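# Structure assessment
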Amino acid sequence: MKKRHEFKLLSKTTFIYLIFTLVAFLGSGLFLTHEANEFINWELEHKYRRIEYKTRSVIDREGRRTADLEKLPRNIQIMPISQAPPEDAYPTYSDTTIYISRLEETWRARNKTVAIEAGGQFYRLTMTELVEDYLSLRDDIFRTMLPAFILLVVGIVAFNFLMSGYFFRPFNKILDIMRSYKVGQRTNLEKVKTNTLEFNKMQDLFHSMINRIEQDYRHLREYTENMAHEMQTPLAVIRNKTDNLIADESMMKEHGKTVKTIYEETNHLSRLGNTLNLITKIENGEFDNITQIETRPIIEQHVDAIRELAGLKSLTIDTDLTEEHRLEIDPYLLDIVLKNLLRNSVMYGTDNGPIRVTTSEKTLEVSNYGPPMEDRPDKLFQRFYRNNNHQGSLGLGLSLVKKICEVSKLQITYQYEEGQHIFRILRNGEMPA
Amino acid sequence: MKLLIVEDNEQLVEDMERFLEESGYVVECAINYEDASEKLWLYSYDLVIVDLGLPDGNGLELIREMKNNEVAAGIMILTARDAVEDKVKGLDLGADDYMTKPFHKEELNARIRSILRRHKFDRSNTLEVEELKVDLLSSQVYVNEIQLDLTRKEYDLILYFMHNPDRVLTKESIAEHLWGDHIDQADNFDFLYNHIKNLRKKITDAGGTNHIQAKYGMGYKFSTQNSR
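In short, a report on the structure. (Residues numbered from 1 in each chain as written. Chains lettered and ligands numbered in written order. Predicted model: local features only at pLDDT ≥ 70, side-chain atom pairs only at ≥ 80, totals over all residues.)

All names here are of chain B. Across the sheet, 4 strands lie side by side as β8-β9-β10-β11; this open sheet has antiparallel pairing. Every other strand in the sheet has two partners, leaving β8 (126-129) and β11 (146-147) as the edge strands with one partner each. Bridge count for strand β10 (residues 140-143) against β11 is 2 bridges, and the pairing is antiparallel. Note on β11: the bridge partner recorded for Y142 is Q147. Where helix α6 (residues 152-163) meets the sheet, its contacts fall on β8, β9 (132-135) and β10, and the angle it forms with β9 comes to roughly 115°. (Pairing = 2+ DSSP bridges. Helix = DSSP H or I, 4+ residues; strand = E, 2+ residues; numbered from the N terminus. Contact = placed C-beta atoms within 7 Å. Axes fitted to C-alpha atoms, helices over the stretch in contact; angles between N-to-C directions.)

Rendered as structure tokens:
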């Protein structure tokens with residue numbers, strides 16, 4: 001998908017607002033100009049009509065020849081014409097300029113030419129009126145509007161830039177709280193105080209959503225826990241009853257296989273419940289006694305515990321441990337990791353060579369010889385993945401290890417090299433030395 | 001030896017009672033907190049097995065009560081909850097051991113023995129079955145007074161058998177007793193055979209009889225003259 005550009009909400013609203021303002025400015029400018037033009041025309045017509053009237057009355061009274069030029073209005077040109085002009089020939093308008101020597105400026109003016117009849121004679125009358133004042137006033141509408149708009153743009157952008165931090169502080173705070181929220185952390189969420197309606201709405205929604213999630217989550221957890229617990233007593237009963245059957249010789253002669261299966265499956269179910277419960281607890285972060293642990297003595301302890309067991313399968317365990325290696329992890333979880341990795345290597349290891357447990361300053365490595373995996377290696381850490389030869393296995397050991405590494409900010413990798421399965425544990429973001 | 005089982009599941013109580021009586025204990029049962037509290041007030045026991053999840057109270061409370069009343073009995077916690085906090089809390093309160101359901105009865109038996117010995121209720125420091133004798137203090141095993149050279153696990157193994165004579169111990173039970181959860185249950189436990197073969201050989205080489213027999217591919221039985 002094409003990446004879409006993203007904008008801040010405030011920039012977006014500002015942009016739209018400014019476009020709207022621009023349109024409004026232009027619109028009102030055009031309207032005002034139009035009004036001004038109408039006004040100018042009306043005003044001029046008014047003046048022209050007065051001049052026309054005055055001219056006509058002077059000529060009527062005085063007669064053309066005797067008409068006292070002094071008495072005629074100024075700024076007119078009057079010419080007798082022989083006959084009545086056609087209806088639609090007049091009036092005509094034309095624009096002109098007049099040089100005003102006193103001001104040394106050229107002013108705009110407008111002529112109106114009309115035909116009048118006065119004293120029984122037709123005249124062509126051209127009246128000139130200065131319109132510079134009017135027009136420059138009219139043009140000022142746009143001339144002032146542009147700087148005003150620019151000022152507005154600059155002002156709003158600057159204001160937004162300065163104020164967005166202030167207005168959006170509660171919003172960003174709410175976002176921070178949302179970001180740091182983890183399911184099942186139980187702590188009461190801080191409520192950001194703001195009088196912005198939208199932020200409050202969002203916050204309230206967030207809180208009610210979290211409450212619902214927490215509730216669902218609690219139910220689910222209780223269910224899982226109860227499931228795992230309540231299963232165990234009936235399973236204990238089944239196992240004990242099966243034990244009784246095993247003690248019964250005649251029974252075993254006939255139904256040995258069936259009893260064996262019941263016994264094994266009961267054990268399987270019981271371990272399944274316990275392990276799933278453990279994974280749930282780890283996911284919930286219930287093991288948070290994180291301490292820095294020098295791994296060497298602990299690894300040695302685990303290796304000693306399993307060495308004889310490995311020996312029974314003709315496997316040997318070599319260790320190369322350094323005191324430098326430390327992990328920050330809950331000690332109980334470290335036990336589970338070591339137990340599972342060692343158990344895994346003893347279960348799948350072949351006697352082509354020793355099981356090796358190595359630590360360097362940064363890495364913990366457990367490797368064993370064996371034929372390569374048939375499946376893709378990334379399946380290894382999936383829940384309920386198990387090698388075909390070990391159908392009775394829970395298939396949870398390595399996913400348990402992976403889960404622990406995740407919550408302890410460690411990374412675990414698997415590699416198959418020169419006939420060896422190698423598991424390596426590193427601190428997050430570090431490269432093997 | 002007098003034991004009190006505090007557990008609300010009747011089926012489980014019945015089985016445990018039968019099993020522990022067969023092992024030579026005098027067993028009484030309480031199916032709830034009140035019952036247990038009363039019995040502990042009236043009688044004295046050498047060991048109390050407490051289930052944490054009781055219908056009318058928490059087993060941890062019962063342990064606290066026992067400690068407050070200075071009840072001298074050993075305490076074994078039995079619970080369906082495999083929670084580390086409970087385990088730590090229980091042991092902190094003064095419980096001697098902790099087992100999670102479902103458990104192997106033979107394992108329970110072995111652990112009860114060890115608690116009783118620690119509390120000196122069981123004054124004998126030796127365990128004898130026919131020609132075999134175990135010195136529990138020095139962890140040595142003798143066949144007709146000839147000392148056997150056993151590994152640590154072989155010693156644990158023979159002791160487990162001798163604590164539970166004439167019973168079929170499943171391979172799972174044995175493996176779990178010896179290696180705890182270091183062992184994956186998916187293993188077919190064939191390697192146990194080598195272990196037991198070695199032990200057998202050491203005993204017969206010293207002139208002992210072959211007590212340990214395989215049973216239906218499920219486990220082994222340490223048989224005494226009673227069953228032979």
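Structure shown, so let's carry the discussion forward.
Looking now at the pairing of strand β13 (residues 212-215) of chain B. Sheet faces and side chains relate simply in a regular strand, where the side chains alternate between the two faces. Note: β13 of chain B against strand β14 (residues 219-222) of chain B, 4 bridges, orientation antiparallel. Looking across to β14 of chain B, one finds that A214 of chain B is bridged to Y220 of chain B.

This next bit is on the packing of helix α3 (residues 59-68) of chain B against helix α4 (residues 84-93) of chain B. Residues and elements named next belong to chain B. One way to put it is that α3 packs onto α4 with a least axis distance of 9 Å and a crossing angle of 10°. When the axis of α3 is compared with that of α4, the two are roughly parallel. Remark: the crossing between α3 and α4 carries left-handed chirality. Contact with α3, carried on its side by L60, I63, R64 and K67, involves K89, G90 and L93 of α4 and no other residues of that element. (Parallel < 35°, antiparallel > 145°, perpendicular 65-115°, else oblique. Left-handed = near helix turned anticlockwise from the far one by under 90°.)

Turning to the nonpolar core, a few remarks are in order. One finds V337, V346 and I404 of chain A to be the most contacted residues of the largest nonpolar core, which totals 59 residues. Sorting elements by how many residues they give to this core places helix α7 (residues 331-348) of chain A first, with 9 residues. Ignoring any residue separated from it by four or fewer positions in sequence, one finds I404 of chain A in contact with I282, L333, I336 and V337 of chain A. Membership of the second largest hydrophobic core comes to 37 residues, among which are L3, L40, Y45 and L62 of chain B. (Core = buried A, V, L, I, M, F, W, Y, C linked by C-beta atoms within 7 Å. Buried ≥ 20, exposed ≤ 12 C-beta atoms within 10 Å, placed from the backbone.)

With that settled, consider the interface of chain B and chain A. The interface is formed by 31 residues belonging to chain B together with 34 residues belonging to chain A. Counted by class, the side of chain B that touches chain A contains 12 nonpolar, 8 polar and 11 charged residues. (Nonpolar A, V, L, I, M, F, W, Y, C, P; charged D, E, K, R; others polar.)

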